[in-house]
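Overview (structure and organization)
Residue strings, one per chain:
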Amino acid sequence: MNKEKPSRSGSKIFWRSLEEKAQATSTEVGSDVVKATIGLGELNRLNRRNFLTLSGAIGTLAGIEGCIRRPAEKILPYSQTPADVNPGEALHYATVLRRREESVGILATCYEGRPTKLEGNPDHPTSQGGTDLLLQAEILELYDPDRARTPSKGGIEKSYAAFDAMLDDELGRLLGKRGAGLRILSQPTNSPSFMRLRQRVMQRFPEARFHNYAPVNDDNVRAGTSAAFGRPLEVLPRFDQAKVVLALDSDFLMTETGAVQAARQFGAKRHLDSAAGEMNRLYAVEPSLSVTGSNADHRLRLKASAIGEYLKGLAAELAAAGVPIPGLDAAVRGAKVEGIPETWLKAVAKELASHRGESLVVVGSRQPAAVHGLAHAINRALGNSGRTVSYTAPADAGARPSLEDIKALTADMVAGKVDTLIILGGNPVYDAPADLGFGEALNKVNISLAVTSHRNETADRTDWHLPRAHELESWGDQLSRAGRYAIQQPLIAALFDSRSDLDVLAALAASEQRGQALVRETAGERGIAEELAWQHLVQKGADERDAAQIFGGLPIQAGSLAQVLSAPAGGGEGLEAVFLTDNKLFDGRYTNNTWLLELPDPMTRITWDNAALLSPAGAKGLGVNNGDMVRVSAGDASVEMAAWIQPGMADGTVGLPLGWGRRKGGSNFHGAGFDVYPLRKSDAADIVQNVTVEKIRGSYSLSQTQDHDSMEGRPLAVDATLQEYRETPNFGQFASPDMSAGPLWQTQDYSQGQQWGMVIDLNGCIGCSACAVACQAENNVPVVGKEQVAKGREMHWLRLDRYYVGEDENEPEVAYQPIGCQHCEEAPCENVCPVNATSHSPEGLNDIAYNRCIGTRYCMNNCPYKVRRFNFLNFNLDIPETRQMQHNPSVTVRFRGVIEKCSYCVQRIQGARIVASREGREIADGDVVAACQQACPTGAIAFGNINDPNSAVSAKREVDRNYGLLSDVGTRPRTRFLGKIRNPNPEMKG
Amino acid sequence: MSEQSKRPLLYLAEFETADQIMAAAEKCRDEGFEHWDVHTPYPVHGMDQAMGLPDSRLGWIVLACGLTGLSLAVLMMQWMNGFDYPLIIGGKPADAYPSMVPIMFELTVLLSAFGATFGMLGLNKIPRHHHPVFYSDRFEACSNDRYYVSVEAEDRKFDIEKTKAFLEGLSPSHLELVTEQEES
Amino acid sequence: MSAASTPIAAIGETRLLPEHVDNALISEQVSRVTETEAPLGWWIYFGISLMGLGVLGVSVSYLFWEGIGAWGNNSPAGWAWDITNFVWWIGIGHAGTLISAILFLFRQRWRTSVNRFAEAMTIFAVICALLFPSIHVGRPWHIYYTLPLPNQMWMWPNFKSPLLWDVFAVSTYFTVSLLFWYVGLIPDLATVRDRAKSLTRKRAYGAFALGWRGSNRHWRNYERAYLILAALSTPLVLSVHSVVSFDFATSVMPGWHTTIFPPYFVAGAVFSGFAMVMTLMIIARQVYDLKDLMTMKHLENMNKIMLVTGSLVGYAYSMEFFIAWYSGNEYERYVFINRATGPYWWAYWWMVTCNVISPQLFWFKRCRTSIPIMFAISILINIGMWFERFVIIVTSLHRDYLPSSWGYFSPTIVDIGCFVGSLGLFFTAFALFIRWLPQIAMFEVKAIVPGSQPSHHGPSHHEAPAGAPALATKEA
């Protein structure tokens, strides 16, 4: 099923080299661009057409990248090498990608016009150089060989000519009735060009109507601000300003809008360079253990529906603690807070009250408007507004809430009012609320057209389908929530003959412009007209300043808010289900992404599947064990899926991760997970009351990368409370001491030259797993598939160990520990290799010579950290050509039968060395950035020359809580860890 | 032609028991033959003294081979890991001796064993498939349960008649003059 | 004083061979096997073995085609059945040389009936042992990198690696055993040659008999060579399994990193080796009527040795546990508790039952002398010793330092195929050996037949040539 998995049938040519393979199958993937962009070596085999296409691609890039002489999009032959484009030398281009409702600045690494890796753009406020899991995996979406390649009608491939003809006379017909019956369903947008074109379409078709829908959206957030302030707003928390954070059902570090920025700010408040340092304190109240909850200093597991009541109770306590919430005393009185520990009301209230202006209450998008509203009121009462939280108007001011909008659209479709429906992106047939029956409603539409990257469930039901261009291969622009204007530039000519939303809208608007011209015109309207300014903007990737107006303290509309609050909370006694934005697949749009499919979920460590998450007590009640099949029913709908016992789940709650169990539009996800959308109704899109879970026959095999959750009391991910830290600053060394006596022999002298080392601050690691995928993208790490993972053959060079700490399986403390090669100075793996295939470089790197390795696996056995991975099968066989384009050319693709592992990104070290020597200088601190380090949104990883006393890594190694993992084995690891610090509130005890 | 006319090669005297062959051997020794031998199905103890043979020189050969093996091992490992292509392995010195001990031992044993085996064959000058004793039809019993004394014609004390008489004096169960054969 | 001259009872030796056995009978009984048609039993045995060999061919071809993934090995269990089989076979391969060399130096007369047998077994077992390290590597077509040969990378092997020590130790052991075995065969090949009726037979055996003519000038060097080979093999046989144990002892893995391993492995090797010899001897004894030469006395002596080594191994097991506790090392402790109570508890208790408990029956003479019982026990010991290696390798690896990387190993059909196949290889080779070669050292047995040695007093007898294969004296 999965192309990247070793296909046993395919191994009949395993003697061949990958190059041979690529040529043997180069007709398999029929895109000219693909062939053209393989590299210069291929050029002689190019025909005219793809020659020009390639040139176009290169030309575009070269034209943009600061090269002003040449207008962009002018085709130039590669025979005159464009400036700055040298084979094998990486170029970096700024662009922007959309993550949920936020736009994140990106720097893309390109080889010969072939983007291979995405990093955060340090100049962009929503990234500041950081990325998250999905941004790291996004590059694989671009090269997904399952993407649609041509227009199609009813599944039969058609030419663009045929399509355009169809569209023309359709539009002609629509012009007659001023566009009545023309509907366009897009995803919520933050693109000025999109809005501009939308205007022009509306001018042409006054009767037409735009709708937007996203299954995971911020409707509740905006509804909350409407309730509190009387108008929909974006909420911009400032975690770097908050000493105390109360997160209510909010996974702001992982799945909420703006997670990258939030993680960076949150991480900043948890950096401790000495025991004297200060760090923030995070309280989390949530139904299901989220990444954010796993980082909380105090966590209360609570049914989602009870969280509103808790907040009311807390508000009442705040009033008692001297922080009255004007006009809401009545509304918050008499909250149902039975069963909620006293301390969670009194102590938390006290804590907040004593941190006015430097505390923050954030609410997750799953919670209803009322909870958001009350939170805003509390933040205002605490004087946090304008300091730890501020507000801006949404980029797309007029946009109706997703849910409302899709409801309206479907209603009209059913009523036969929709004549022509154009769906720009998204997958409503799969992810629209089940009760609307969007799929069936499509039949009532005269002509339906889906513009999506894959022929997914929706495209399968529409009359026509157009391939949709990926953000990395099409022009566009985006506004961050704070109003930072950024240009989305293509990094490669469209791999397949696809169109972007803007191109489609332009066609509807009868505009001749396409791509760049459209965006430039928008830019012009924003006052960036002349060439220089434009070039500068594109080069930087974003504007210098945030355009949106920032609101600090807005007045609370107490009256209306009180009314909203007085509405009875839904929470009953019955079992309730919460829909979880999946940590890996988001809402299902990444379901064909093998990196994400194989990545273990940060909490459950399950790969290739999702499962119904039950609390230990709940599972016991049902007599369910991990992997048993259960039927989850809500009203008339029910799904059968595997169950998983998740410590830290609230009793009476079942967690249903969205986005799995897809059926159409990809070849990798078949049999991966279970689709829970059928349970999702328009009236209960976030929390479903009175669901029933029953055990049914059979069980399902879930494969995990880590099936043991306990540290067995071993000093691995060492942690301490801030109090203990201050008492014993070297608690790390105390738990895991370094060898006091040296070995018997003359040890190697590492005191000279560059000596590479890494320090990982466990206090900064939030468990988001971005580093793991970044490593996979950087180092061409193969995906092995569910069966191989079950056998224990996953290849991740960098893995994230997740341990549960503490006795109570319901209140687990979580410890994360990223583990790559520790580059031991006394490396056990080197001693045992019979053929010298792995040895130490004079710079302290533990190297592997792949072509020398014969694969005895002795080194793997003798590695105490088990970081060495063995190619048990030829995992790199049959990799589709588009997929190969992502491979990092500076890293070998490993063959069957050899060992591989983390190399400290030695290719980046050598790259930096070449640059430095060309400039006639030593490698400076910061020249070498490891892939994991670069991806980390909290900056928890430091890497560099430990012989340089002024390097960042040296400073980190000086921090008193540093320790070496399993130092007592005598391995002298180069990677050091900084012990994790928890910051509990003494008053929360008991 | 008649037997007499052929060139005699050796006398072969057959005996029944170990005691007889022992006695016979001692007599031959005292007679002062040089090119003579005793053939038995298995090693008979005391026969070396009975024949007055010096101790075997094999030990010295083996010793030489063993020392060669040892030095070969040391030189090979020191040169390969310590000199020709030194690498940092587990932070240990490239030319560390302790880890080389096992292979020093193995190569010493290996070459010694070769010395013992091929030294033995060399000293015995075998393989040799055409020794005159094989001309005798009775000799096949030697590898079964018979004992033989052979006195070769090239011995300077050899004399068709005298030696015959002498050997008969040993009262063998059978005495045979092995002579040259054309067709062999 | 000489053995043969004195009534056997008087020198305190129970008679090894029945009264009626004489040199001619020995030649006849042993050589006959190679001269007459093979009995039906042999054909059945050979056929089954050949099928096993076929299984090996298929399994190994598939393994090379697919890669190591065809086996169940994984991370953390990088080694599993492959190295288990290797250590098991190499262990079995110890008995031969041990019997030939050590018992020889200790003047154990009874060895003469069994040593040829045991040596042959050693050769074949070591061949099976060599098979597994060669096929267990990820890229077998590059296996020659382990030899100090010039190659395109200008790289040399890593002489610090115990695995490389293995390469030298095992191949040396194989070569020396082969020489030892062949040297011992030469006089007997001469016997078979001389008995041969057909010219081809004469030539075939004659070629390998090297023109041996029982010359005493030859016996002199021959016995010296045999003595030296024995003296070399004795430390060698002890070193080989010590080196194999270094694979584990020099690592940092809890459960492997143990100084007790070398003696413990050697004891185990002798133990399993004797068990395998016993199994084979009992079969051969039934198939070819050799009860006169392989007497109950032989079997009983071997059972005694199994009782001793079995108890030694048992001692090692308990000492491992004690040291794990005494060391206070939490990782070490966990590994041993995990062995006995963890996911692989069954393997551990198989091991203890077969290796420590079952041989204790040999305390009773009735068990020591009962063919069915000793046959059953010898089989059990073979099984138990396989589990010992499995326990050491897999249970130590599958749960090591970081609980996050703990895993579980389960074998695939290919694992099983390779193991069964190696048995096929072994028994096929053995079938050919007993069919075509003298399976008992005739000349050595002849030398201990009463009256085979001269009875009159000479200067020789008190310091008899050390090499005397079968000199029976009280000091024995």
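Residues numbered from 1 in each chain as written. Chains lettered and ligands numbered in written order. Predicted model: local features only at pLDDT ≥ 70, side-chain atom pairs only at ≥ 80, totals over all residues. Heavy atoms only, no water.

1. A closer look at the interface of chain A and chain B
Opposite the 16 residues of chain A that make contact, chain B presents eight residues. Taking both sides of the interface into account, the surface hidden between chain A and chain B amounts to around 980 Å²; carbon and sulfur atoms contribute 54%. Taken together, the links from chain A to chain B amount to zero salt bridges. For the side of chain A that touches chain B, the elements supplying multiple residues, two or more each, are helix H28 (828-832) and strand S34 (838-840) of chain A. Counting residues per element, the side of chain A that touches chain B draws most heavily on S34 of chain A, which supplies three residues. Broken down by class, the residue content of the side of chain A that touches chain B amounts to four nonpolar, nine polar and three charged. (Contact = heavy atoms within 4.5 Å. Buried area = accessible area lost by both parts, 1.4 Å probe. Salt bridge = Lys/Arg side-chain N within 4 Å of Asp/Glu carboxyl O. Helix = DSSP H or I, 4+ residues; strand = E, 2+ residues; numbered from the N terminus. Nonpolar A, V, L, I, M, F, W, Y, C, P; charged D, E, K, R; others polar.)

2. Describing the sheet that holds strand S17 (residues 476-479) of chain A
Paired through their backbone hydrogen bonds, the strands of a sheet run either parallel or antiparallel. Residues and elements named next belong to chain A. Here three strands make up an open sheet; going across it, the order is S17-S18-S19 and the pairing antiparallel. In this open sheet, the two strands that pair with only one neighbour each are S17 and strand S19 (542-546). On average, adjacent strands in this sheet sit at an angle of 15° to one another, irrespective of strand direction. As paired elements, strand S18 (residues 484-488) and S19 share two bridges and run antiparallel to each other. (Pairing = 2+ DSSP bridges. Axes fitted to C-alpha atoms, helices over the stretch in contact; angles between N-to-C directions.)

3. A closer look at the domain arrangement of chain B
The domains assigned to chain B are domain 1 (8-55 + 133-179) and domain 2 (58-123). Just the C-alpha atoms count here: the centres of domain 1 of chain B and domain 2 of chain B sit 45 Å apart. (Domains from an automatic or database assignment.)

4. Some remarks on the pairing of strand S6 (residues 182-186) of chain A
Looking along a regular strand, one sees the side chains alternate between the two faces of the sheet. All names here are of chain A. Burial analysis of S6 places five of its five residues in the buried class, which makes it a mostly covered element. Both faces of S6 are covered, namely the face carrying Leu182, Ile184 and Ser186 and the face carrying Arg183 and Leu185. Of the pairings in the sheet, the one linking S6 to strand S14 (residues 420-424) comprises five bridges and is parallel in character. Across the sheet, residue Ile184 finds its bridge partner in S14, namely Ile422. Sheet topology note: the S6/strand S7 (residues 209-212) ladder contains four bridges and is parallel. Bridging from a neighbouring strand, Arg183 pairs with Arg209 of S7. Crossover handedness for the path S6 to helix H6 (residues 192-204) to S7: right-handed. (Buried < 20%, exposed > 50% of the residue type's maximum accessible area, 1.4 Å probe, protein only. Right-handed = clockwise from strand over helix to strand, strands pointing away.)

5. Brief notes about the side chain of Lys303 of chain A
Residue and element names in this part refer to chain A. Inspection of the secondary structure puts Lys303 in the loop between strand S11 (298-301) and helix H10 (307-320). It is Glu576 that comes nearest to the buried, bridge-free Lys303 among opposite-charge side chains, at 4.5 Å. A distance of 2.8 Å separates a polar side-chain atom of Lys303 from the backbone oxygen of Gly574. If we skip the residues at most four places from it in the chain, Lys303 touches Pro287, Gly572, Glu573, Gly574, Glu576, Ala650, Asp651, Gly652 and Thr653. (Lys, Arg positive; Asp, Glu negative; His and termini not counted. Polar contact = N/O pair within 3.5 Å; in protein donor to acceptor, adjacent residues only side chain to side chain.)

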